[in-house]
Amino acid sequence: FVIDNLNRDRKIRLYLPKNYSDSSKRYPVLYMHDGQNLFDNSTSYAGEWNIDESLNQLELSNLELIVVGIDNGEEKRWNELSPWENKKYGKAEGAEYMEFIVNQIKPFIDSTYRTISNRKNTAIIGSSMGGLISHYAICRYPEVFGKAAIFSPSYWYSKEVYNYTRNNLFPRSTKLFLGVGKKEGEMVDASQKMYDYILNTDHPAENLILRIDPDGDHNESAWGKQFIPAIKWLFE
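A brief structural summary. Keep in mind the model is a prediction, meaning the values are calculated, not measured.

Overview of the overall build of the chain
Regarding its fold elements, the chain presents seven helices and nine strands. The C-alpha radius of gyration of the chain comes to 17 Å, within 12% of the 18 Å expected for a compact globule of 236 residues. C-alpha extents for the chain along the principal axes are approximately 45 × 40 × 35 Å. Counting all 236 residues of the chain, 57% fall into the buried class. Considering only residue pairs separated by 6 or more positions, the chain has 76% of its internal contacts joining residues 24 or more positions apart. Within the structure as shown, the chain displays about 10,400 Å² of accessible surface, and the carbon and sulfur contribution to it stands at 45%.

What follows is the structure in structure tokens.
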């Protein structure tokens, strides 16, 4: 694909349930950032999440999902995953990147594959800067994304995330899973602050969870470990 507003090529990686071709079922969809790191160690620059193995495991309990992995922009990753400018790291291109997902990728996926396209069955998931842009996404596009899993979010990157959340409250039915590792220092405090912040907006406590992994660190292995609990909570 070409990101229209940024004029850059982008690879998309797709996971379909094992029985997709033998059924007529429609499936919920997860949109995930850093596609290179999701499925295969050979394409990853920092290890993989083991998403395909996790999804195979979830299928055993009849939780079947389509995953759309959007590759990051490599040297442009910081820019594309940042909704707000940080003078140290340069221009913010997060708005254009999310327009690409919402206006180009999602319509293609929904028209090509058997998806359940409503917000209740559409989730966005990311870690670190991918967590920050996922948080932005559920505030900016509440009619598109009804669920989000946000791992080790880089809330430090821009304090504007708090003002933006307050001024763009997502619907009370939105389900938000915040996951962070105990070994991540200030990210634990920032995630706790955001959890409390959202609760104080009267968002239903049953639709918000903060999970702190006592052994978790800032890496793909830790995020992959939290993936199954997050998906089960979001969809079951």
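A few points about the side chain of S152
By secondary structure assignment, the location of S152 is in the loop between strand 7 (147-151) and helix 5 (160-167). For S152, a relative accessible area of 1% gives the class buried.

Here's the deal with the packing of aromatic side chains
Note on aromatic pairs: each is described by the distance of the centres and the angle between the planes. For the structure shown, the criterion picks out 19 aromatic pairs. Between F1 and F108 the ring centres are 5.2 Å apart and the planes differ by 75 degrees, which places this aromatic pair in the edge-to-face class. Taken as a pair, F1 in the segment before strand 1 (2-3) and F108 in helix 3 (residues 94-112) lie far apart in primary sequence, 107 residues in all. Given a relative accessible area of 35%, F108 falls into the partly exposed group. Taking the centre distance of 6.0 Å and the plane angle of 25 degrees together, the rings of W78 and Y157 count as stacked. In this pair, W78 is assigned in helix 2 (residues 77-80) and Y157 in the loop between strand 7 and helix 5, connecting sequence segments 79 residues apart.

Describing unusual backbone geometry
At S128, a position not held by glycine, the phi torsion is positive, near 60 degrees. Mapped onto the secondary structure, S128 falls in the loop between strand 6 (122-127) and helix 4 (129-140). Backbone geometry places S152, a non-glycine residue, at a positive phi of 45 degrees.

Focus: the packing of helix 3 against helix 4
It is at 11 Å that the axes of helix 3 and helix 4 come closest, and there the two elements cross at 65 degrees. Here helix 4 runs roughly perpendicular to helix 3, going by the angle between their axes. The element helix 3 and its partner helix 4 pack so that their crossing is right-handed. Residues G94, A95, Y97 and M98 of helix 3 form the contact with helix 4, whose own contacting residues are I133, Y136 and A137. Residues belonging to the contact of helix 3 with helix 4 are distributed by class as follows: six nonpolar, one polar and no charged.

Some thoughts on the environment of W84
Tracing the backbone through its elements, the reader meets W84 in the loop between helix 2 and helix 3. In this structure W84 comes out as buried when scored by relative accessible area, which is 11%. Sequence spacing of W84 and L132 is 48 residues, and the spatial spacing of their C-alpha atoms is 9.9 Å. Setting aside residues up to four positions removed in sequence, W84 forms contacts with A92, L132, Y136, Y157, S158, E160, V161 and Y164.

A look at helix 5
It helps to recall that an α-helix has 3.6 residues per turn; residues three or four apart then point in one direction. Three or more residues of helix 5 are buried, namely V161, Y162, Y164 and T165. Buried residues along helix 5 cover an arc of 165 degrees about the axis, so they all sit on one side. For helix 5, the secondary structure elements touched by its buried residues are helix 4 and helix 6 (186-199).

Re the environment of S127
Summarising the element assignment, S127 is placed in strand 6. Residue class for S127 comes out buried when judged on its relative accessible area of 3%. A C-alpha to C-alpha distance of 17 Å links S127 and R13, two positions 114 residues apart in sequence. Setting aside chain neighbours within four positions, we find S127 in contact with D34, W49, R77, F151, S152 and W223.

Points about the sheet that holds strand 9 (residues 208-213)
Spatial ordering of the open sheet is given by 3-5-4-6-7-8-9, a layout of seven strands whose pairing is mixed. The open sheet has two free edges, formed respectively by strand 3 (12-15) and strand 9, since each of these has just one partner strand. Strand-to-strand twist in this sheet, taken as the mean axis angle between neighbours without regard to direction, amounts to 15 degrees. Summarising the sheet, strand 4 (residues 29-32) and strand 5 (residues 66-70) pair through four bridges and their orientation is parallel. In the sheet register, V29 faces strand 5, and the bridge partner there is I66. Across the face of the sheet, helix 6 comes into contact with strand 8 (175-181) and strand 9 while running at roughly 165 degrees to strand 9. Running over the sheet, helix 7 (residues 220-235) touches strand 4, strand 6, strand 7, strand 8 and strand 9 and is turned about 160 degrees from strand 8.

Conventions we followed
- Residues numbered from 1 in each chain as written.
- Predicted model: local features only at pLDDT ≥ 70, side-chain atom pairs only at ≥ 80, totals over all residues.
- Heavy atoms only, no water.
- Helix = DSSP H or I, 4+ residues; strand = E, 2+ residues; numbered from the N terminus.
- Rg over C-alpha atoms; globule rule 2.2 N^0.38 Å.
- Buried < 20%, exposed > 50% of the residue type's maximum accessible area, 1.4 Å probe, protein only.
- Contact = heavy atoms within 4.5 Å.
- Areas by Shrake-Rupley, 256 points an atom, 1.4 Å probe, with all protein chains shown as cover.
- Phe/Tyr/Trp six-rings, centres within 6.5 Å; stacked < 30°, edge-to-face > 60°.
- Axes fitted to C-alpha atoms, helices over the stretch in contact; angles between N-to-C directions.
- Parallel < 35°, antiparallel > 145°, perpendicular 65-115°, else oblique.
- Left-handed = near helix turned anticlockwise from the far one by under 90°.
- Nonpolar A, V, L, I, M, F, W, Y, C, P; charged D, E, K, R; others polar.
- Arc of directions from axis to C-beta.
- Pairing = 2+ DSSP bridges.

Remember, this is a structural readout, not a statement about activity or role.
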